[in-house]
Amino acid sequence: MTMTESFKSFSAMTADEKMAFASSVNDNFKNQEPQKALEFFLKEFDGAAALSSSLSYEDQVLTDMICKIDKSTRIFTLDTGRQFPETYDVIDRTNMQYGINIEVFFPDFNAVQKMVREHGINLFYDSVEFRHLCCNVRKVEPLKRALEGVEVWISGLRRSQSVTRASMQMVEYDVADNVLKFNPLIMWSEDKVKDYVHKNGVPFNKLHNQGFPSIGCQPCTRAVEPGEDIRSGRWWWEDPDHRECGLHVRK
């Protein structure tokens, strides 16, 4: 069976077969330039591949690459209800520049109301467990809805972003969502990402120029000092080993 034939039968594979397939695909693409890998995945999974964008430098780079290949590719973002105003501005500017419409997914209002009523509006500061609950309600559940019908989840993860991402591959099988997880920029450095943004005129969040290398929800994100780890401004009150929202480390 050729690789193309394997892609077409991906949905019919068992979990073990999908994991083995992801490993073999990763071996084929891990040294490829992101654009070449994207071209292949967007063609082979036409209509079943989607980019989840947090409007980060990395996701904006992927948006630019994708729009130069196939502007009809789905791009979506999660609006947690606690975003910075500057983040909404990036959505508008990106839509206008590329002539696209980024899909916006919101958390279930009943779940948000119940969580706030029981634990308070800023529960995430009280414990890691409560912070995970908030991330689950505001991010993880909406993501599951956004990924319905998706076979390839395109993400802007990079290994050098944090200790929790150091072993991630370009192509993996995501067991939690039953999709191929495709991280085209996994080996890129922060400097290479920024260089692409500036050379290609890619819209980016103005907060990046104010000491915010990684931008999430407003209450859980702060500026960092030059030389600090780029993820140190996210959930800064927690141990670094816990600093994930649950979107990329679920089992």
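This one's a predicted model, so the numbers in the text were calculated from it and none came from an experiment. (Residues numbered from 1 in each chain as written. Predicted model: local features only at pLDDT ≥ 70, side-chain atom pairs only at ≥ 80, totals over all residues. Heavy atoms only, no water.)

Student: Could you clarify how one ought to interpret the sheet that holds strand β3 (residues 103-105) in this entry?
Tutor: In sheet architecture, strand pairing relies on hydrogen bonds along the backbone and comes in two forms, parallel and antiparallel. Taking strand neighbours across the sheet as the criterion, the 6 strands line up as β3-β2-β1-β4-β6-β5 in an open arrangement whose pairing is mixed. The sheet terminates laterally at β3 and β5 (171-174), the two strands that pair on one side only. Strand-to-strand, the axes of this sheet are offset by a mean angle of 30°, without reference to chain direction. As judged from the 3 bridges shared by strand β1 (residues 49-52) and strand β2 (residues 74-78), these two strands associate in the parallel manner. Residue pairing across strands places serine 52 opposite phenylalanine 76, the latter belonging to β2. Together, β1, β4 (152-154), β5 and β6 (179-182) form the strand contacts of helix α3 (residues 34-44), whose direction differs from that of β6 by roughly 160°. Lying over the sheet, helix α4 (residues 57-69) contacts β1, β2 and β4, oriented at roughly 145° with respect to β1. (Pairing = 2+ DSSP bridges. Helix = DSSP H or I, 4+ residues; strand = E, 2+ residues; numbered from the N terminus. Axes fitted to C-alpha atoms, helices over the stretch in contact; angles between N-to-C directions. Contact = heavy atoms within 4.5 Å.)

Student: Would you mind showing me how to read the pairing of β5 here?
Tutor: The side chains of a regular strand alternate, residue by residue, between the two faces of the sheet. By the bridge criterion, 4 bridges tie β5 to β6 in an arrangement that is antiparallel. From the neighbouring strand, glutamate 172 faces β6, where its bridge partner is lysine 181. Turn length for the β5-β6 hairpin, with the two strands adjacent in sequence and antiparallel, is 4 residues, and the turn residue asparagine 178 shows positive phi of about 55°.

Student: When you look at the packing of aromatic side chains in this model, what are you seeing that I'm missing?
Tutor: Two aromatic rings, taken as a pair, are described by how far apart their centres are and by the angle between their planes. Scanning the model with the defined rule gives 13 aromatic pairs in all. Between phenylalanine 84 and phenylalanine 212 the ring centres are 5.7 Å apart and the planes differ by 70°, which places this aromatic pair in the edge-to-face class. With phenylalanine 84 in the loop between β2 and α5 (85-98) and phenylalanine 212 in the segment after α8 (190-199), the pair connects residues that are 128 residues apart, well separated along the chain. This pair shows no difference in class: phenylalanine 84 is buried, exactly as phenylalanine 212 is. An aromatic cluster is defined as three or more aromatic residues linked by ring pairs; in this entry it consists of Phe29, Phe40, Phe41 and Phe182. Lying over the aromatic face of tryptophan 235, arginine 131 brings its terminal NZ or CZ to 4.3 Å of the ring centre. Note that arginine 234 overlies the ring of tryptophan 235, its terminal NZ or CZ placed 4.7 Å from the centroid. (Phe/Tyr/Trp six-rings, centres within 6.5 Å; stacked < 30°, edge-to-face > 60°. Buried < 20%, exposed > 50% of the residue type's maximum accessible area, 1.4 Å probe, protein only. Lys NZ or Arg CZ within 6 Å of the ring centre and 35° of its normal.)

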